Amino acid sequence: MEAQTKQRVTSKRSSKQPSKPKQSKTVGKVDGVPQIQMLEIRSVSPDPLQPRKTFDEPSLQNLAQSIAEHGVLQPITVRKCDDGYIIVMGERRFRASKLAGLTTIPAMVRDYVDTEVLEVQIIENLQRKDVEPTEEAEAIQFLLDRYEPGEIAKRLGRSENYIRQRIKLAGLIEGFKAFVRTGEMTISLGVAVALFEPGEQQMMLESLEGEYQGHRIKRMIESRTYDLTKACFDVTDKSLVTKAGACTICPFNAANQGNLFGEGKMVCTRTSCFENKKTKAFIQLLKRVKKEGLKLVPNINTYNIDVERNQWILAQMEKQGLSSPLIEELDILKKPIKPTLEAIREKYSHCDHTEEVLGKFLTEAMESYAEEMEAWDNAMDHGFEKGVFLHTGTYLTQTIFVKFREEADSGGSAAKSLEKRKMAECTPEEQIIKINMRELRKKHIENNKMFKEVVDAIRETDYINRNKPLTKDEMVAITITLFENNIGWNDQREHFGDFFGEDSKLSRKELLDQFKQNFKKETLYKLLRFLLTRQVHLGESNHTNDLTNKSFYEAMQSFYKDNISAIEETYVESRQKREARIKERITELEKQAKVIED
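Rules and cut-offs
- Residues numbered from 1 in each chain as written.
- Predicted model: local features only at pLDDT ≥ 70, side-chain atom pairs only at ≥ 80, totals over all residues.
- Heavy atoms only, no water.
- Helix = DSSP H or I, 4+ residues; strand = E, 2+ residues; numbered from the N terminus.
- Buried < 20%, exposed > 50% of the residue type's maximum accessible area, 1.4 Å probe, protein only.
- Areas by Shrake-Rupley, 256 points an atom, 1.4 Å probe, with all protein chains shown as cover.
- Axes fitted to C-alpha atoms, helices over the stretch in contact; angles between N-to-C directions.
- Left-handed = near helix turned anticlockwise from the far one by under 90°.
- Contact = heavy atoms within 4.5 Å.
- Nonpolar A, V, L, I, M, F, W, Y, C, P; charged D, E, K, R; others polar.
- Pairing = 2+ DSSP bridges.
- Phe/Tyr/Trp six-rings, centres within 6.5 Å; stacked < 30°, edge-to-face > 60°.
- Patch = residues over 30% accessible without salt bridge, like charges linked within 9 Å, V, L, I, M, F, W, Y side chains within 5 Å.
- Salt bridge = Lys/Arg side-chain N within 4 Å of Asp/Glu carboxyl O.
- Expected span 1.5 Å × (residues − 1).
- Core = buried A, V, L, I, M, F, W, Y, C linked by side-chain atoms within 4.5 Å.
- Arc of directions from axis to C-beta.

K.L.:
What am I meant to see in the overall build of the protein here?
P.N.:
From N to C terminus, the protein includes 21 helices and 11 strands. In the protein, which comprises 598 residues, the share counted as buried stands at 35%. Counting every atom, the protein has about 38400 Å² of accessible surface; 51% of that belongs to carbon and sulfur.

So this is what it looks like as structure tokens:
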């Protein structure tokens, strides 16, 4: 596609302009030293095939004003044509000179062949600071016909990765390029879209219905790209899908296209190939567990058994003669992970625990780990058998021990709870109940996804930068969020017992409506003040070495200055006595040191 683009550009220029005698391809080669000439401005014309298409109007006006006062300080470069001169470099100065009312313009007349003109114009444009990204991408793509990306990077003073990203950006279809030109779409997002073939880009564009929606584009990219470091198959395997070969050398691996997602980040951008390899790997897994006599346990339960993907997995297992129990029917042991102090710190990073306390947590975790490892090591002595746990979304696997969960009564399917029974084991009335339960669960999952989509959409906006007072609804949302997420159950009962009022018989909507109707700002103030007293940093932090603590300490002075002063005086008195004793001790030691010296 790149080669075709360059051929079109070159042939287009050749067809529109008269041919010239062959010259050396050294850029800017001339028959003598060019002299600056004052040309009639009406005899000079812009090049219709100039790669630069956009000019910033305010900037052009400023330049025109400068030229009106000081003249054109740097001559433009032109070449002769049948009816005058065509600009090679300096079209912006030419436009500004016309705006300033000049009738002549200083210029250097040079002789170029057509291909040289385009290359000179491209390089001159790319060295500007304000070059429009899609124009820059198309220009760099043209230069690929003559130079490797590394050589282009050296000529332009850019990194090679920058050049490769712009080359990829040139692959955007026109609709997405328009979003980049208007500034709505970031360059990094444009590069991510350009990873896909034009047909797939067109489908993504049409789904936007003419309106730029960054969060939707990101979700479409996420659903079409795959982190190869988390693949369920060996990315170096050439034989899994013979035509595709190994992922490590595939051109659809972003790591082979200029580190578009970061240094060495392997991301697959070809959905069909990735899914094909996943399926092949899954079929190989079925054959392996059957051959080795392992129990395969897919992550399928009562609520998600009807999902199309899960039905397909169960069907493939049945073809191989493998049983397909639901996970709630099984006791599963996964190999314990040995705890570390770093993991404990991460787990309790939101708490202000000392190293001593974290050490105690680690000791407790190690005791639990020892118990779990003992159960793991002796699993087969307690009726467990070796198995493989399958994550149905990714096909990633995990070694486990598994056994069927013992029922309190082994009297057949009737003894099982309705939740654990299959449809075939239920009466028509029970099947209706199960269908309704599953539909309720599906609605819950849909609401989860919809809410996440709304949150993602809001995060893409400038909501947090709004310079307006909080609305009542916002204050209500903040108050409930703080109460639900930051106040412990005991503190809720002790300090905020009537927070929601009488709520025992209200639905969530009714509860919210009631709270909103009775809302007072004082409720929010009380919450904030409570949290202010609870979220200071204790232990090794105090009001002299911690900004949070210092701000709290000073804020409390305006309310409880006398109380604070009384406490301070106690510590000052104790400190003064201690410092006096230290001074006496040091004086005594100094005397002893002097005696030793004498």
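K.L.:
Just to check I follow, could you spell out the packing of helix H17 (residues 472-486) against helix H20 (residues 521-534) for this structure?
P.N.:
Each pair of packed helices can be summarised by the angle the axes make with each other and by the distance between the axes. Relative to each other, H17 and H20 sit at 35°, their axes nearing to 10 Å. The hand of the H17/H20 crossing is left-handed. Along the contact surface, H17 presents Met 475, Ile 478, Thr 479, Leu 482, Phe 483 and Asn 486, while H20 presents Lys 521, Thr 523, Leu 524, Leu 527, Leu 528 and Leu 531. A class-by-class count of the residues in the contact of H17 with H20 yields eight nonpolar, three polar and one charged.

K.L.:
Would you mind going over the sheet that holds strand E8 (residues 295-298) with me for this structure?
P.N.:
Spatially, the four strands line up as an open sheet ordered E8-E10-E11-E9, and their pairing is mixed. The strands lining the two open edges of the sheet, one partner per strand, are E8 and strand E9 (330-334). Neighbour to neighbour, the strand axes of the sheet diverge by 40° on average, direction disregarded. Two strands pair when backbone bridges link them, and E9 and strand E11 (residues 397-404) are joined in this way by five bridges, in the antiparallel orientation. What sits directly across from Leu 330, in E11, is Phe 404.

K.L.:
Is there a simple way to think about the packing of aromatic side chains in this case?
P.N.:
What characterises a pair of aromatic rings is the spacing of the ring centres plus the angle enclosed by the ring planes. This structure, assessed with the given rule, holds 18 aromatic pairs. Between Phe 496 and Phe 530, the ring centres sit 5.6 Å apart and the planes meet at 85°, which makes this aromatic pair edge-to-face. Placement of the pair is Phe 496 in the loop between helix H18 (489-495) and helix H19 (508-517) and Phe 530 in helix H20, with a sequence separation of 34 residues. By the burial criterion, Phe 496 is buried, and Phe 530 matches it. Linked through ring pairs, Phe 483, Phe 496, Phe 499, Phe 500, Phe 515, Phe 519 and Phe 530 together constitute an aromatic cluster.

K.L.:
I keep staring at the sheet that holds strand E5 (residues 104-109) and nothing clicks. Help me out?
P.N.:
Read across the sheet, five strands follow the order E1-E5-E3-E4-E2 without closing on themselves; strand pairing throughout is mixed. A single partner strand is all that each edge strand has here, and the edge strands are strand E1 (36-40) and strand E2 (44-45). One ladder, built from five bridges, connects E1 with E5; its direction is antiparallel. Within E5, the residue paired with Glu 40 across the bridge is Thr 104. Lying on the sheet, helix H3 (residues 91-99) is in contact with E2, strand E3 (76-81), strand E4 (84-89) and E5; it crosses E4 at an angle near 125°.

K.L.:
Before we go on, may I ask you to explain a nonpolar patch on the surface in this structure?
P.N.:
A cluster of nonpolar side chains, Met 450, Val 454, Ile 458, Tyr 463 and Ile 464, forms an exposed patch at the surface whose accessible area comes to about 530 Å². Topologically, Tyr 463 is positioned in the loop between helix H16 (428-459) and H17.

K.L.:
Is there a simple way to think about H16 in this case?
P.N.:
One turn of the α-helix equals 3.6 residues, which is why residues spaced by three or four share an orientation. Its 32 residues place the ends of H16 47 Å apart at the C-alpha level, agreeing with the 46 Å of an ideal helix rising 1.5 Å per residue. Within the sequence span of H16, burial applies to Lys 434, Arg 438 and Asp 456. The elements touched by buried residues of H16 are helix H11 (214-224).

K.L.:
Honestly, the nonpolar core in this entry has me stumped. Any pointers?
P.N.:
The nonpolar side chains of soluble globular proteins are, as a tendency, buried together. Formed by 22 residues in total, the largest nonpolar core has its most connected members in Phe 176, Met 185, Val 193, Ile 217 and Ile 221. Contributions of two or more residues to this core are made by helix H8 (174-181), helix H9 (187-194), helix H10 (198-207) and H11. Considering each element in turn, this core owes the most residues, five residues, to H9. Beyond its immediate chain neighbours, meaning those up to four positions away, Ile 221 contacts Leu 189, Ala 192, Val 193, Phe 196 and Met 204. Judged by nonpolar contacts, the second largest core, of 17 residues, contains Ile 41, Val 44, Val 72 and Ile 87.

K.L.:
Please clarify how helix H2 (residues 57-70) should be interpreted in this entry.
P.N.:
The first and last C-alpha atoms of H2 sit 20 Å apart over 14 residues, in line with the 20 Å expected at 1.5 Å per residue. Taken residue by residue, H2 has Leu 60, Leu 63, Ala 64 and Ile 67 as its buried positions. Angularly, the buried residues of H2 cover 105° about the axis, an arc narrow enough to put them on a single face. Along H2, the residues that are exposed and aim more than 90 degrees away from the buried face are Pro 58, Asn 62, Glu 69 and His 70. Packing partners of the buried residues in H2 comprise H3. Phi for Gly 71, located one or two positions after H2, is positive at around 85°.

Note that every value here comes from positions in space, so none of it alone points to a role or purpose.
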